[in-house]
Amino acid sequence: MRLAALSSLFLLAVAACGGSSTPEPEETNAFIRVPAQGAMMSAAYFTVTRETDDELIAASIEGIGRVELHTVTDDDGVKRMRMVEGYAVKAGKPLVLKPGGNHLMLFEIEKPLQAGESREATLTFASGATELISLPVGQQ
Ligand SMILES: [Cu+2]
């Protein structure tokens with residue numbers, strides 16, 4: 001965890017000025033896990049790429065009361081989820097949220113998550129930029 005924080009600082013420090021192409025954010029591998037029967041929480045995953053160095057600091061999802069940014073740490077073989085303030089994003093490098101790693105944690109599921117539907121999510125970055133993505137609900 002500490003190492004990851006240090007390396008992202010390093011990446012920010014050495015970031016070069018890239019060419020100014022049209023911003024073309026993209027998301028892939030996006031999905032929200034269908035919660036187990038009776039479960040009060042779920043998780044969402046996606047990949048996002050930004051044209052400039054930034055940090056994903058918040059997310060909101062349609063029909064979900066509270067969304068937290070989580071990471072998974074390994075404490076002597078015990079995997080634990082931990083809330084983080086944000087995920088640093090390096091220009092042009094995909095930020096990957098996936099099972100077993102960084103993920104959005106969904107609490108207060110106000111509208112039940114059904115396989116096959118999609119939810120709109122708004123990602124907020126430290127720069128002030130926001131991005132709208134669609135998260136299909138399903139098992140993956
Ligand atoms: Cu979590």
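Every value quoted in this text rests on a predicted model; they were computed, and no experiment measured them.

Definitions and limits used
Residues numbered from 1 in each chain as written. Predicted model: local features only at pLDDT ≥ 70, side-chain atom pairs only at ≥ 80, totals over all residues. Heavy atoms only, no water. Donors = N, O, S within 2.8 Å, 3.2 Å for Na, K, Ca; no water. Tetrahedral: all angles 85-135°; square planar, octahedral: opposite > 155°, others 65-115°. Helix = DSSP H or I, 4+ residues; strand = E, 2+ residues; numbered from the N terminus. Buried < 20%, exposed > 50% of the residue type's maximum accessible area, 1.4 Å probe, protein only. Pairing = 2+ DSSP bridges. Salt bridge = Lys/Arg side-chain N within 4 Å of Asp/Glu carboxyl O. Phe/Tyr/Trp six-rings, centres within 6.5 Å; stacked < 30°, edge-to-face > 60°. Lys NZ or Arg CZ within 6 Å of the ring centre and 35° of its normal. Axes fitted to C-alpha atoms, helices over the stretch in contact; angles between N-to-C directions.

Colleague: Mind showing me how you'd approach the coordination of the copper ion here?
Modeller: Put simply, the ideal angle at a metal is 109.5 degrees for four donors in tetrahedral geometry and 90 or 180 degrees for six donors in octahedral geometry. H70 (ND1), M81 (SD), H103 (NE2) and M105 (SD) make up the full set of protein donors to the copper ion, lying at 2.1 to 2.3 Å. Around the copper ion, the four donor atoms sit at angles spanning 92 to 121°, and that spread fits a shape best called tetrahedral. If you list the donors of the copper ion from N- to C-terminus, the spacing comes out as H-x10-M-x21-H-x1-M. Pair noted here: H70 is in strand 4 (residues 64-75) and M81 is in strand 5 (residues 78-83), with a separation of 11 residues, a long-range link. We classify H70 as buried; its relative accessible area is 6%.

Colleague: Sorry, what's going on with the pairing of strand 3 (residues 54-61) here?
Modeller: Each regular strand displays side chains that alternate between the two surfaces of the sheet. The pairing of strand 3 with strand 6 (residues 87-89) spans three bridges and is classified as antiparallel. Pairing of E55 across the sheet is with A88, part of strand 6. Where strand 3 and strand 9 (residues 118-125) come together, five bridges link them in antiparallel fashion. Residue pairing for strand 9: I61 is matched across the bridge by A121.

Colleague: In this structure, what is going on with the pattern of salt bridges? I would like to understand it.
Modeller: If the charged atoms of two oppositely charged side chains come close together, the side chains can form a pair. What the rule picks out here adds up to eight salt bridges. With a shortest N-O distance of 3.7 Å, D74 and K79 are connected by a salt bridge. D75 is the salt-bridge partner of R82, the closest N and O atoms lying 3.4 Å from each other. The exposure class assigned to D75 is partly exposed, which follows from its relative accessible area of 29%. Bridged by salt links that share partners, the residues R66, E68 and E108 form one connected network.

Colleague: Would you explain unusual backbone geometry in this entry?
Modeller: Glycine aside, negative phi is the norm for most residues, and most peptide bonds take the trans geometry. With a phi close to 50°, D76 is a non-glycine residue in the positive phi region. Relative to the elements of secondary structure, D76 occurs in the loop between strand 4 and strand 5. Located in the positive-phi region is E108, a residue other than glycine, with phi close to 55°. Tracing the backbone shows E108 in strand 8 (residues 103-109). Residue classification places E108 among the partly exposed positions, given a relative accessible area of 44%.

Colleague: Would you mind going over the packing of aromatic side chains with me for this structure?
Modeller: Think of a pair of aromatic rings as described by two things: how far the centres are apart, and how the planes are tilted against each other in angle. If you walk through the whole model with that rule in mind, you get one aromatic pair. Over the ring of F107 we find R66, and its NZ or CZ is 4.4 Å from the ring centre.

Colleague: Looking at this structure, I do not really get the pairing of strand 2 (residues 42-49). What am I missing?
Modeller: Judged by how many residues are buried, strand 2 sits mostly within the fold: eight of eight residues are covered. Burial of strand 2 is two-sided: the residues S42, A44, F46 and V48 facing one way and the residues A43, Y45, T47 and T49 facing the other way are all buried. Summarising the sheet, strand 2 and strand 8 pair through three bridges and their orientation is antiparallel. Within strand 8, the position partnered with S42 by the bridge is L106.

Colleague: Would you take a moment to explain the sheet that holds strand 6 for this structure?
Modeller: Pairing between sheet strands relies on hydrogen bonds along the backbone, with the strands arranged either parallel or antiparallel. Read across the sheet, four strands follow the order 6-3-9-10 without closing on themselves; strand pairing throughout is antiparallel. On the outer flanks of this sheet lie strand 6 and strand 10 (130-136), each paired with one strand and no other. The average angle at which neighbouring strand axes cross in this sheet is 40°, direction not considered.

Geometric values such as these leave the question of function open.
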